[in-house]
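One letter stands for each residue in the lines below.
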Amino acid sequence: MNSADDQLVLLAGWIDEAAQTGTSFAAHRSLNSRIPIAEQQGVPSEEDLEDAARKATAWAFAYHVQVMENGGKWRIQIVPYLEYPDGSSTPPRVADVPDFCVAVWSQLSEMVSSNFGKARLHHLLFERKTGNARNHATQAAQGYLDASREWGKWLDKEEALNAALRLARAVGQKDLASRIAVEMLRLAGQAILSDEEIPGVVLRLIGPLCGEASPPQGLGSTIDAAMRAYGSPFIRDELVSFKLRRANTQEERQHLQSEHVQIWLDAAASETGLRKAGHLKKALQNAQETGQSSLIERSAAALQGIRNEDLGLISFVSSGTVSREQFQEMMTPVVDAADWRDALIQFAFAYGPAVGPIEKTREAAEEYARTSIIENMATVEIFGSDGLPRFSPKTDEEKIEMRLAKQEAFVLQAMAPLLAHLLHKVAEVHGVPSEGDLSEFFSRGPLASQELASSIARCFIRFWTGDPEGATFTIAPKIETLARNLVLSLDAGVYRLQRQEKPGQYPGLGSLLSTLRERGLDESWYRNILTICGNPAGGWNLRNELAHGFVPTAGSPAAAILFQCVIYLWTLGPKQEQNDVDSGESGP
């Protein structure tokens, strides 16, 4: 026997010795003590067979075996334990391992006697498609099955059986797969009766079995036993999901769907605050998935019954101060205006959009994201005034939108009172214009008819004569009116098209604003109107709150920011430059 053979015998002995430790973790730790992790780095050389054999052995047992469900199908994969941003990994991906290292795996697979060693080495050879791949998969599956009976930990047993089932199914070994499935069901039953609370192991054993075309007998009763054993709504929810996969009739499905919802309604009954709200939200989600109106109405009613005081939320109030000199300076554009007409234009434009310029908003939102630990770790749920979930960011784009809206809402808290003072100052310095003069002024706008101009005029009169609440409720719809008129004036087609396709329905303000944005609406003003009127991602959503009766009273600040939006839109209209006329295009 030469030195290379001696080296392989030694390595095979280490693998079998590691298998005797009783747990997968201890086995891998044993091998790492023989071949330190530092030796796993670098590219092996075929010239140094001893180093190559040691690296190949260490790599073989450094991979992670993952069994996961994707699109309703269970799959198995072998992945490196470390993957780097540049695409490299430790160990190399199985497909990238040098052939001479794969040859070491092949030789070791014939030399080891432990199921731990045989399962992993034959699995790698199957993954690499070396030799008789079907035979390698079969031996790996049998090795995992036998190893599951030897491991002392529940999790090791479950992982070995799941790997065995997937490999047996991958090469059409039906008899072997059936034996493995029976063993999985037997182990699940033992886990349920165990004194240990291990529902995760039970779910990982039962879940794949529910996806089998011919699951082992007794699966349904085992799921029922798990339902009786575990009181957690999270566990019970998943168990009912398994039952739904196996439901054969519509009647059975409807019964299980009702149970799926009731789990969370029952769980909410014994909770308070945000936990209660979270359970009710899950009940509503489950109900919406069924499409059953009775379940949806029952869940929505329960969730809507929660009020802020029930949630245990805390309101924080802060204030800031502005010196008299600074305040007087802020008033200057309105105070020094030539007349009330010029003052209204200054009110709308001298201070920019109330939410601030988009560049500063992005900068502030990015800074907050960098420095806030909670922002990066916590799950955020925004509830509407109706008590129902309004927005919960899932994608990176949605998270960015929420940060922008929250920053804009923060700026609005300071700007709304200032704009209210400015609008009052217009009347205080320049006098309250007559309704006729205001109507004549607003009728000059390219988007306002005489009737619309008169209506806007009356809104201003209400504000200046001590009725800011009436002004708020009556000026809010004018924003959508002006936005719609602008879309029509640009011949963008959205309004007419939707009227033709869906008679009696109107495109929402968000749709109108998106169309205007595409046609050149200033980004900062677009966000200003969206966040004030109808941004669910953390904005004031004022237009929608007013329309649905969730604003019982409204003061001057709310009216002022709406008036600013109206004046801004009122000044817009289609611009036609020579190139636009030639091409037939226009924009705001």
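Structure shown above.
Note that the coordinates shown come from a computational prediction; the quantities given were computed from them, not determined experimentally.

K.L.:
Hey, could you go over the overall build of the protein chain for me, with residue numbers and the actual values?
P.N.:
Scanning the protein chain from terminus to terminus reveals 29 helices and six strands. Every one of the 588 residues in the protein chain was classed for burial, and the buried ones make up 47%. Considering only intrachain contacts with a sequence separation of at least 6, the fraction spanning at least 24 residues in the protein chain is 64%. Summed over all atoms, the accessible surface of the protein chain reaches about 29300 Å², with 49% contributed by carbon and sulfur.

K.L.:
Got a sec to walk through the side chain of S109? Specific residues and values, please.
P.N.:
Here S109 lies in helix α4 (residues 99-111). Residue class for S109 comes out buried when judged on its relative accessible area of 1%. Side-chain polar atoms of S109 contact the backbone oxygen of S106, separated by 2.6 Å. In this view, S109 contacts K118, L121, H122 and L125; residues no more than four positions away in its chain are not counted.

K.L.:
Kindly report on the pairing of strand β2 (residues 73-79), identifying the contributing residues and their values.
P.N.:
Across seven bridges, strand β1 (residues 64-70) lies against β2 in antiparallel orientation. Bridging across to β2, H64 finds its partner in V79. Hairpin connection between β1 and β2: a loop of two residues separates the two successive antiparallel strands, and G71 in this loop has a positive phi of roughly 65 degrees.

K.L.:
How would you summarise the pattern of salt bridges if you had to cite specific residues and measurements?
P.N.:
Within the structure shown, the criterion is met by 21 salt bridges. Between K55 and D51 there is a salt bridge, with its nearest N and O atoms 3.4 Å apart. Placement of both K55 and D51 in helix α3 (residues 49-60) is noted, with a separation of four residues, approximately one turn of the helix. Classification of K55 as buried rests on a relative accessible area of 8%. Judged by its relative accessible area of 23%, D51 is partly exposed. With a closest N to O distance of 2.5 Å, E408 and R527 form a salt bridge. Residue E408 is located in helix α20 (residues 396-430), and its partner R527 is located in helix α26 (residues 523-533); the two are separated by 119 residues in the primary sequence.

What counts, and where the lines are drawn
- Residues numbered from 1 in each chain as written.
- Predicted model: local features only at pLDDT ≥ 70, side-chain atom pairs only at ≥ 80, totals over all residues.
- Heavy atoms only, no water.
- Helix = DSSP H or I, 4+ residues; strand = E, 2+ residues; numbered from the N terminus.
- Buried < 20%, exposed > 50% of the residue type's maximum accessible area, 1.4 Å probe, protein only.
- Contact = heavy atoms within 4.5 Å.
- Areas by Shrake-Rupley, 256 points an atom, 1.4 Å probe, with all protein chains shown as cover.
- Polar contact = N/O pair within 3.5 Å; in protein donor to acceptor, adjacent residues only side chain to side chain.
- Pairing = 2+ DSSP bridges.
- Salt bridge = Lys/Arg side-chain N within 4 Å of Asp/Glu carboxyl O.

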